[in-house]
Amino acid sequence: MTKLSEQRIILTGATGGIGIELAKQLVAQDCKLGLVSRSLEKLEQLAGQLKTDKKNICLICADITSAEGRQEIIDNMEKAFHGYDMLINTAGIMDFTSLIDQSDERIEAVFQTNVIAPMQLCKKVLPYMLAQNKGHIVNIGSTFGSIGFAWFTSYSTSKFALRGFSQALRRELAETPVKVSYIAPRAVKTSLNSSAVYKMAKEVKMNMDNPDFVAKQILQSIIKDHKEKYLGFPESLFVRINAILPGLVDMATRSQNKIAQKYIR
Ligand SMILES: NC(=O)c1ccc[n+]([C@@H]2O[C@H](COP(=O)([O-])OP(=O)(O)OC[C@H]3O[C@@H](n4cnc5c(N)ncnc54)[C@H](OP(=O)(O)O)[C@@H]3O)[C@@H](O)[C@H]2O)c1
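Each chain carries its own residue numbering, running from 1 in the direction its sequence is written. Per-residue local features of the predicted model are confined to residues with pLDDT of at least 70, and side-chain atom pairs are confined, for both listing and counting, to 80 or more; whole-chain, interface and lining totals are unaffected and use all residues. Water and hydrogen atoms were dropped before computing side-chain values, which therefore reflect all heavy atoms in the structure.

Peer 1: What am I meant to see in the packing of aromatic side chains here?
Peer 2: Two aromatic rings are characterised by how far apart their centres lie and by the angle between their planes. For this analysis, a ring pair means two rings from Phe, Tyr or Trp (six-membered ring only for Trp) whose centres lie within 6.5 Å, classed as stacked if their planes differ by under 30 degrees, edge-to-face if by over 60, and tilted for the remaining angles. Within the structure shown, the criterion is met by 6 aromatic pairs. For the ring pair F144 and F152, a centre distance of 5.0 Å and an interplane angle of 70° mean the geometry is edge-to-face. As far as burial versus exposure is concerned, F144 and F152 are alike and both buried. Each ring is checked for a lysine NZ or an arginine CZ that lies within 6 Å of its centre and within 35 degrees of its normal; such an atom marks a charge sitting over the ring. It is R163 that lies over the ring of F160; its NZ or CZ is 5.2 Å from the centre. Three exposure classes are used, based on accessible area relative to the maximum for each residue type with a 1.4 Å probe and protein chains only: buried under 20%, partly exposed in between, and exposed over 50%.

Below you can see the structure in the form of structure tokens.
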């Protein structure tokens, strides 16, 4: 079991749909939060909503895909809280498109944001966590990281990579006190999803959760020290089926893929 109270936490993606709810629920647990986003305006708006003493939060305006941004995060956490106990990699981007229509720049941006930056952030926090004999890395994945979804190829591939990274790093750190978790929500009602995704989701009857409920489930998983957690049923079952019988899932998703194709840009 992990006790959240008084943990010093780096939360990337803090201004997003899931991040805002995580921030609200973490301050309610008396955590000290380093809130990361590229927009100071959005961070200040979020800070205004958080019911906590201002000394418990630190606003970090940083782009996680740049070395300077990642250094900014470390420097701010050291200045505000003399270090950190947990890193929650929540920041992410997604495109709903055919691979042919996605620009090379966007493919690279999806990988930089969803995979490479989280890996580089882990690399940055690990020496301190190992030295203090305590630490927890939490990577926010997706059902799409276990089931390859048509029209979300770059995003799906990036989340598969994040899941693989989490597993490999967990094994690399097995003899240390640093924990690694991979927590994968199903679709969530946030602005990560464009209006086209919402229209498609409605027609194919895709389950979509509210972000406050998802944040609650993520925190429960952290508290219970889940190594890998797939949120939502039957999606968590489909993850297992796809791993064993992908041909079955190929067949089952064909009609859904055709419907979804109508909505891609
Ligand atoms: N929504 C879903 O359906 C869903 C389902 C499963 C998993 N997830 C995963 O859950 C996580 C959060 O998703 P969400 O729905 O909350 O997304 P969101 O509402 O679009 O928020 C994305 C967050 O990432 C931040 N971000 C993006 N690029 C960044 C960069 N280069 N540097 C720093 N921050 C950056 C954004 O901050 P700024 O733009 O302010 O910089 C924002 O805070 C993602 O990893 C996503 O893949 C989402």
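Next comes the rest of the account.
Peer 1: What is the right way to read the sheet that holds strand β6 (residues 178-184) from this model?
Peer 2: Strands belonging to one sheet form pairs held by backbone hydrogen bonds; the direction of such a pair is parallel or antiparallel. Paired strands, in this sense, are two strands between which DSSP finds at least two bridges. In this description a helix means any DSSP run of H or I spanning at least four residues, a strand means any run of E spanning at least two, and both kinds are numbered starting from the N terminus. Within the open sheet, the 7 strands sit side by side as β3-β2-β1-β4-β5-β6-β7. Their pairing is parallel. On the outer flanks of this sheet lie β3 (57-61) and β7 (228-230), each paired with one strand and no other. The sheet shows a mean angle of 15° between the axes of neighbouring strands, taken without regard to direction. Here strand β2 (residues 32-37) pairs with β3 via 5 bridges, running parallel. Residue pairing for β3: G34 is matched across the bridge by C58. By definition, residues are in contact when any of their heavy atoms lie within 4.5 Å. Lines fitted to C-alpha atoms define the axes here, with helix axes fitted over just the stretch in contact, and angles between the N-to-C directions of these axes take values from 0 to 180 degrees. Sheet strands in contact with helix α3 (residues 67-81) are β1 (8-11), β2 and β3, and its direction is about 160° off that of β3.

Peer 1: Sorry, what's going on with the pairing of β6 here?
Peer 2: Along any regular strand the residues' side chains alternate between the sheet's two faces. With 6 of 7 residues buried, β6 is to be regarded as a mostly interior element. In terms of strand pairing, strand β5 (residues 135-140) meets β6 through 6 bridges, oriented parallel. Bridge assignment links I137 to a residue of β6, and that residue is V180. Crossovers are described as right-handed under a simple rule: with the strands pointing away from the observer, the path leading from the first strand over the helix to the second runs clockwise. With helix α5 (residues 153-172) bridging β5 and its parallel neighbour β6, the resulting β-α-β unit is right-handed.

Peer 1: Any chance you could explain empty space enclosed by the protein here in plain terms?
Peer 2: Empty pockets left among the atoms are what a rolling probe the size of a water molecule brings to light. Residues are called lining when one of their atoms sits within 4 Å of a cavity or pocket point, these points coming from a 1 Å grid over the protein atoms alone, where a cavity is a set in which a 1.4 Å probe fits but cannot get out and a pocket is an open set with protein on both sides within 12 Å along at least five of seven lines. Grid points are joined across faces, edges and corners, and a volume is the space filled by probe spheres set on the points. This model, assessed by the stated rule, comprises 1 cavity of 30 Å³ or more. Computed from the structure, the largest cavity encloses a volume of approximately 40 Å³. Looking at the largest cavity, the residues that line it are F149, A150, F152, M200, M206, Q256, N257 and A260. In terms of residue class, the lining of the largest cavity is built from 6 nonpolar, 2 polar and no charged. In this classification, the charged set is Asp, Glu, Lys and Arg, the nonpolar set is Ala, Val, Leu, Ile, Met, Phe, Trp, Tyr, Cys and Pro, and all remaining amino acids, among them Gly, are polar.

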